[in-house]
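So you can see what is in the structure, the chains are spelled out below.
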Amino acid sequence: MPDLRGKVAIITGASSGIGRGTAVEFALLGAHMTLTGRNQENLQATAKASVEAGTPEDKILVVTGDICNDELRKNLVDQTAQKFGRIDVLVNNAGIFTFGSIETTDMAVYDKMMDVNVRSAVRLTQLCVPHLTKTKGAVVNVSSINGVRSMSGCLAYSLSKVALDQLTRCVALELASKQIRVNSVNPGVIPKDIFKRGGMTDEEIVQLMEHCKSTHALGRVGEVSEVAKTIAFLASSDASFITGAQVPVDGGKHAMCPR
Ligand SMILES: NC(=O)c1ccc[n+]([C@@H]2O[C@H](COP(=O)([O-])OP(=O)(O)OC[C@H]3O[C@@H](n4cnc5c(N)ncnc54)[C@H](OP(=O)(O)O)[C@@H]3O)[C@@H](O)[C@H]2O)c1
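Calculation notes
- Residues numbered from 1 in each chain as written.
- Predicted model: local features only at pLDDT ≥ 70, side-chain atom pairs only at ≥ 80, totals over all residues.
- Heavy atoms only, no water.
- Helix = DSSP H or I, 4+ residues; strand = E, 2+ residues; numbered from the N terminus.
- Rg over C-alpha atoms; globule rule 2.2 N^0.38 Å.
- Buried < 20%, exposed > 50% of the residue type's maximum accessible area, 1.4 Å probe, protein only.
- Contact = heavy atoms within 4.5 Å.
- Lys, Arg positive; Asp, Glu negative; His and termini not counted.
- Charge placed at Lys NZ, Arg CZ, Asp CG, Glu CD.
- Pairing = 2+ DSSP bridges.
- Axes fitted to C-alpha atoms, helices over the stretch in contact; angles between N-to-C directions.
- Near = heavy atom within 4 Å.
- Polar contact = N/O pair within 3.5 Å; in protein donor to acceptor, adjacent residues only side chain to side chain.
- Areas by Shrake-Rupley, 256 points an atom, 1.4 Å probe, with all protein chains shown as cover.
- Nonpolar A, V, L, I, M, F, W, Y, C, P; charged D, E, K, R; others polar.
- Core = buried A, V, L, I, M, F, W, Y, C linked by side-chain atoms within 4.5 Å.

As a further point, take the overall build of the protein chain. Counting secondary structure elements, the protein chain contains nine helices and seven strands. Compactness check: the protein chain gives a C-alpha radius of gyration of 17 Å against a globular reference of 18 Å for 259 residues, within 12% of the reference. With the principal axes as the frame, the protein chain shows a C-alpha extent of 50 × 40 × 40 Å. Sorting the 259 residues of the protein chain into buried and exposed places 51% on the buried side. A separation of at least 24 residues holds for 73% of the contacts in the protein chain among residues at least 6 apart in sequence. Of the charged side chains in the protein chain, 28 are positive and 26 negative; the average position of the first set lies 6 Å away from that of the second.

And the structure:
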């Protein structure tokens, strides 16, 4: 098991899904954490689950707000450094999804997608670099299969994830001399709230999950814990010679080809 004992991590989008699962996994591995998201109640639920998994209550900081707000981002980093005296890991997980093609994508939706999924990760990474330099830390970006393969009908989302993957690779090179590692996980379909929030009905989600049995080589969708464990590995010293990587956590979906 990776060891995150005493490491200080910021996890964005910690109020739900993969972010919550990552917080719990990090708690099991001994990390101290700042959890952020907009929904205070859900964040508190994540904090509670993390305490139950092993993180002492006083080693969890909850910062509520919109990740697109630069004041929030600065507070997040400053408060974390102030409380814990160090930052070892940044997990850029907060993200939104929506359908839309080149013919139907509203540019306001496009701008919002890029703001949440890309700009916030760029800026937060920028703010963390001085701290990660001191700790020789790690960044893990939560990208998607949409970063590495092309699908029709979710253009803005796919563009945002391609940008995030390029952020991973470029910043990995830029920060390598400081011994800061930067990697992505690229999940396939993980049945969480993101689809509902992205506008799908319950029935459409059920249909998607059924369809996914044939679109993921392993014949099923993934689980939050499978992504969280990969994030924890990349954040830990077990991955000490891995940087600039996109790690698929997708049941083989990235390797498939229609025939
Ligand atoms: N689920 C999948 O199948 C899948 C597959 C590939 C990649 N991913 C990626 O995994 C990441 C997490 O997705 P998920 O499935 O766990 O989705 P989710 O359950 O919808 O969680 C999304 C998280 O992002 C936060 N968030 C969204 N907009 C925000 C904003 N403006 N400011 C602050 N926080 C914001 C949400 O916080 P609040 O609710 O508190 O606002 C929530 O904690 C995303 O980057 C997504 O693209 C998911």
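Picking up after the structure, the text goes on.
This part covers the environment of Gly17. Tracing the backbone through its elements, the reader meets Gly17 in helix α1 (residues 17-28). Excluding anything up to four places from it in sequence, Gly17 contacts Lys192 and Val224.

Here we take up the sheet that holds strand β4 (residues 89-92). On the basis of which strands lie adjacent, the open sheet formed by seven strands has the order β3-β2-β1-β4-β5-β6-β7 and parallel pairing. Each edge of the sheet is formed by a strand with only one pairing partner; in this case those strands are β3 (60-64) and β7 (246-249). Between one strand axis and the next, the sheet turns by 15° as a mean value, whatever way the strands run. As judged from the four bridges shared by β4 and strand β5 (residues 138-142), these two strands associate in the parallel manner. The residue bridging Leu90 from the neighbouring strand is Val139, located in β5. Across the sheet, α1 is in contact with β1 (8-12), β2 (32-37), β4 and β6 (181-187); its angle to β1 comes to roughly 165°. Sheet strands in contact with helix α3 (residues 70-84) are β1, β2 and β3, and its direction is about 165° off that of β3.

On to the site of the ligand, then. Taken together, 31 residues lie around the ligand, and Ser15, Ser16, Arg38, Tyr157 and Ile190 are the ones closest in. At a separation of 2.5 Å, an oxygen atom of the ligand approaches a polar side-chain atom of Ser16. In this structure, Arg38 approaches the ligand through a side-chain N or O atom, which is 2.6 Å from an oxygen atom. The fraction of the free accessible surface of the ligand (880 Å²) that becomes covered by protein chains is 97%. If you list the elements that add at least two residues to the shell around the ligand, you get α1, α6 (155-175) and α7 (194-197). Top element by residues in the shell around the ligand is α7. It accounts for three residues. Broken down by class, the residue content of the shell around the ligand amounts to 13 nonpolar, 12 polar and six charged.

Here the focus is the side chain of Ser144. Among the secondary structure elements, Ser144 is positioned in the loop between β5 and α5 (145-148). Excluding its chain neighbours within four sequence positions, the residues that come into contact with Ser144 are Tyr157, Lys161, Val185, Asn186 and Pro187.

Next up on the list: the nonpolar core. Ranked by size, the top nonpolar core spans 30 residues in total, and within it Ile11, Phe26, Met33, Leu35, Val185 and Ile231 carry the most contacts. For this core, the elements supplying multiple residues, two or more each, are β1, α1, β2, α2 (40-53), β4, β5 and α9 (224-235). Ranked by residue count, the leading element in this core is α9, at six residues. What Met33 contacts, discounting residues up to four positions off in sequence, is Ala9, Ile11, Ala23, Phe26, Ala27, Ser50, Thr55, Lys59, Ile60, Leu61 and Phe84. Val8, Ala81, Leu90 and Ala94 belong to the second largest nonpolar core, which has 29 residues in total.

Geometry only, nothing functional implied.
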